[in-house]
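These are the residues of each chain, in order.
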Amino acid sequence: MNNQEKYDISFTEAFSIDKKKLEKNLEYNSIDEWDSIGHMTLVAELEKNFKISIETDDVIDLSSYQKGKSILKKYKIIV
Amino acid sequence: MPIASSLLKKPRLVQKLRDFHSYVMKNNGQVGTKTRGIDLNFNNACNLRCKYCFTNSPKGDHVKEYLDLGAIKKLADDADELGYFEFDLQGGELLLQPDKLFSVLEAIKPERFYLYLTTNGYHLDEKMAKKLAEYKVSRVSVSIDSMDEKIHDEIRGKKDSWRRAIEGLEHVKNAGMDPYLNITVGHYNANTDHFKQLLDYSKNKKYKTLLNVAVPSGMWQKMTDIICDDKDREYLRKIRKEYKNLVRNIWNPFDKNNEKILGCTTVNRLYITPIGDVLVCPYVHIKIGNIFKNSLKEIVDYGFSIKYFRNHSDLCLAGEDKSFIKNFMTKTGQTIFKPAEAKDIFKKEDFV
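Residues numbered from 1 in each chain as written. Chains lettered and ligands numbered in written order. Predicted model: local features only at pLDDT ≥ 70, side-chain atom pairs only at ≥ 80, totals over all residues.

**Side note on the overall build of chain A**
Spelled out, the test is: Helix and strand labels come from DSSP, where a helix needs a run of H or I of at least four residues and a strand needs a run of E of at least two; each type is numbered from the N terminus. Computation of the radius of gyration draws on C-alpha atoms, with the globule rule given as 2.2 Å multiplied by the number of residues to the power 0.38. Counting other C-beta atoms within 10 Å of a residue's C-beta gives its exposure: the residue is buried at 20 or more, exposed at 12 or fewer, and partly exposed in between, where C-beta atoms are placed from the backbone. Residue pairs qualify as contacts under a 7 Å threshold applied to their C-beta atoms, which are placed from the backbone.
In terms of regular secondary structure, chain A is built from 4 helices and 0 strands. Across chain A, helices and strands are ordered from the amino to the carboxyl terminus as α-α-α-α. For 79 residues, the compact-globule formula gives about 12 Å, and the C-alpha radius of gyration of chain A, at 11 Å, lands near that figure. Each principal axis of the C-alpha distribution contributes one length, and for chain A these read about 30 × 25 × 20 Å. Sorting the 79 residues of chain A into buried and exposed places 27% on the buried side. For chain A, the proportion of contacts with a sequence separation of at least 24, taken over those separated by at least 6, is 50%.

**Here's the deal with the interface of chain B and chain A**
Buried accessible area, meaning the area lost when the parts come together, often serves as the stated size of an interface. At the interface, 16 residues of chain B touch 14 residues of chain A. Broken down by element, the residue count for the side of chain B that touches chain A peaks at 7 residues, all from helix 1 (residues 11-26) of chain B.

**As for the sheet that holds strand 11 (residues 340-341) of chain B**
Residue and element names in this part refer to chain B. Threshold: Strand pairing follows a simple DSSP-based rule, namely that at least 2 bridges must link the two strands.
The 11 strands are arranged 7-6-5-4-3-2-1-8-9-10-11 in an open sheet whose pairing can be described as mixed. The outermost strands of the open sheet, each flanked by one partner alone, are strand 7 (246-247) and strand 11. Sheet topology places strand 5 (residues 178-185) next to strand 6 (residues 208-213); 6 bridges connect them, and they run parallel. Bridge pairing in strand 6 places Leu-181 opposite Thr-209.

**Some details on the packing of helix 2 (residues 69-81) of chain B against helix 3 (residues 98-108) of chain B**
All names here are of chain B. Defined as follows: Axis angles are defined between N-to-C directions and span 0 to 180 degrees, where every axis is a line fitted to C-alpha atoms and, for a helix, only to the segment in contact. Each crossing gets its handedness from the near helix: less than a right angle anticlockwise from the far helix is left-handed, clockwise is right-handed. Nonpolar residues are Ala, Val, Leu, Ile, Met, Phe, Trp, Tyr, Cys and Pro. Charged residues are Asp, Glu, Lys and Arg, and all others, Gly as well, are polar.
Direction vectors running N to C along helix 2 and helix 3 enclose 35 degrees, while the axes themselves pass 8 Å from each other. Considering only the axes of helix 2 and helix 3, their crossing is right-handed. Within the contact between the two elements, helix 2 uses Leu-69, Ile-72, Lys-73 and Ala-76 and helix 3 uses Ser-103, Val-104, Ala-107 and Ile-108. Among the residues making up the contact of helix 2 with helix 3, the classes are represented as 6 nonpolar, 1 polar and 1 charged.

**Some remarks on the confidence of the model for chain B**
As a reminder of what qualifies: pLDDT expresses how confident the predictor is about each individual residue, on a scale running from 0 to 100.
Counting all residues, the mean pLDDT for chain B is 94, and 99% of those residues have values of 70 or more. Under the prediction, the complex receives an ipTM of 0.92, its pTM being 0.94.

**So, the packing of helix 1 (residues 3-15) of chain A against helix 2 (residues 36-50) of chain A**
All names here are of chain A. Close contact between helix 1 and helix 2 brings their axes to 8 Å; oriented N to C, the two are set at 145 degrees. As for the relative orientation of helix 1 and helix 2, their crossing is right-handed in sense. Only Gly-38, Thr-41, Leu-42, Glu-45, Leu-46, Asn-49 and Phe-50 of helix 2 make contact with helix 1, whose side of the interface consists of Lys-6, Ile-9, Ser-10, Phe-11, Glu-13, Ala-14 and Phe-15. Class assignment for the residues of the contact of helix 1 with helix 2 results in 7 nonpolar, 4 polar and 3 charged.

**Quick look at the environment of Leu-246 of chain B**
Residues and elements named next belong to chain B. Within the secondary structure, Leu-246 sits in strand 7. Taking the C-alpha atoms as reference points, Leu-246 and Gly-91, 155 residues apart in sequence, are found 23 Å from one another. In this structure Leu-246 touches Thr-209, Leu-211, Ile-239 and Arg-240, once residues within four positions along its chain are discounted.

**Examining the environment of Arg-139 of chain B**
Residues and elements named next belong to chain B. Assignment of secondary structure puts Arg-139 in strand 4 (residues 139-143). Expressed as a C-alpha distance, the spacing of Arg-139 and Lys-173, which sit 34 residues apart in the sequence, is 9.1 Å. The contacts of Arg-139, once residues within four sequence positions are left out, are Tyr-116, Met-177, Asp-178 and Tyr-180.

**Observations regarding the nonpolar core**
We count it as follows: We call a set of buried Ala, Val, Leu, Ile, Met, Phe, Trp, Tyr and Cys residues a nonpolar core when their C-beta atoms link them within 7 Å.
Ranked by size, the top nonpolar core spans 114 residues in total, and within it Leu-132 and Val-284 of chain B carry the most contacts. When residues in this core are grouped by element, the largest group, 5 residues, is from helix 1 of chain B.

Set out below in C-alpha cells:
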C-alpha cells in the first residue's frame, strides 16, 4: 500500500465513510463523523498506519484532509 | 463550524482526550478506573417542577445554597490535574442566574475542558447561546420529554417549556456549539411512538441524542417499574446501530460499529453537590467524600476502592442493575443532600 492509500484508508476507517467523501474541503466538523471523538480515532488510525506518534500540537493542527498531508511531512511522510 | 468552543482550540483538552482514548483502547474498550468527567450542581434552584427530578428541586431542597467560587476553582484545577476532561454543569437550572453562571465558567477555565451545560432550555435564547459560545462552552444539552408540546409542558410543570427548549437547541447549533437533545428513557416510553418521534427529530436536525435511562432516585425513588427491562435494553442496542447519533455514558464512543460497552462510569464521573459532597454519580446517591474535607485525589482513590465502582459493569448501576438498586438505593430519604455514606452502606468485603 502506498502512502496515499494509507492516508485515505486512515480517514475512511476512522469515520466509516466512502472514499468519495475524501474531498479537498473535508475538514473538522464538516461531516457529522469528524467531531471530537472522530478526531481521536483519526489520529489513532494515522499513527497505526504510518507507525508514528503525532505530537499534540500537530493533533490540533490536523484540521483538514489537506492540512494532514503537510503535517505528515514533518514526520518524513510524503503523501 | 464551531468557534472558540471547538476542540481544536483547546490544547489541554486534546491532550486529556487523547490519554482517555489511549487508555480505553488498551483496556479492551472499557473505562476501568480512568477519570472522565465532573458533574457539578453548584445551586439547586429551578424554574420548572419536573415530575421526575432526581435532585428534588421541585421540593425546594437546598435551593438557597451555592458552592462558592473559590471551591469551584480549586475543584476544576484538581480535576484537570487528575485528567478529568469533561465538565458538566447541571442544576437546578443554570440559566436562572446568568451572572453567577458566567462567574462559575470563568473560575472553571473552560479552555481546559469539554465543558457543557445541561439545561431545561427555558431561558436559552439566541443572545444567551452566543454568550455561552464566547465563554468557550463546547456543548449544551437540553432535555425534551415529548414532541407533543402539551405533554412536555405538563411533565415540566410550566407552559411554553417545550417551545423554548426546541428553539434553544437551534440557537445552540447556530452559535457553533454541540447541541444535544436529552431524553430520559424507561420502561414506560422505550419503543413507543413518542420516543421514536424524539429520536427522529434529533437525527433530522443533526443533533446528538443523549439517552439517560430512568433511575429510581430523587422524586422517583423506589419506583422500580420505570426501570428498563431486557427487551427495552435490546431495543436500545438496536436503535444505537440504526441512528448512529445516540450517546449513552455507558457506551464506548470510539466504537464505529456502535456496539461496545465502555462500562458504568460511577467515580469515573463524579457528582458534586452545592454543599461540596461528592457522590459516585448523579443518580447513585452514595457519598464518598466532601471537597471541603478531602482532596479530590483522596476521594477518587476511595471511590475506586469499592468493588462496585472499580469493577466493570455492562449495566448502569443506577438504572439497570436491580440488585444494586435494591441493596444500595432504597434507603428512606436518600437524596443528593442526604446521601448514604459509603463507609456505612458497604461492608468490609465490598472494598478491594
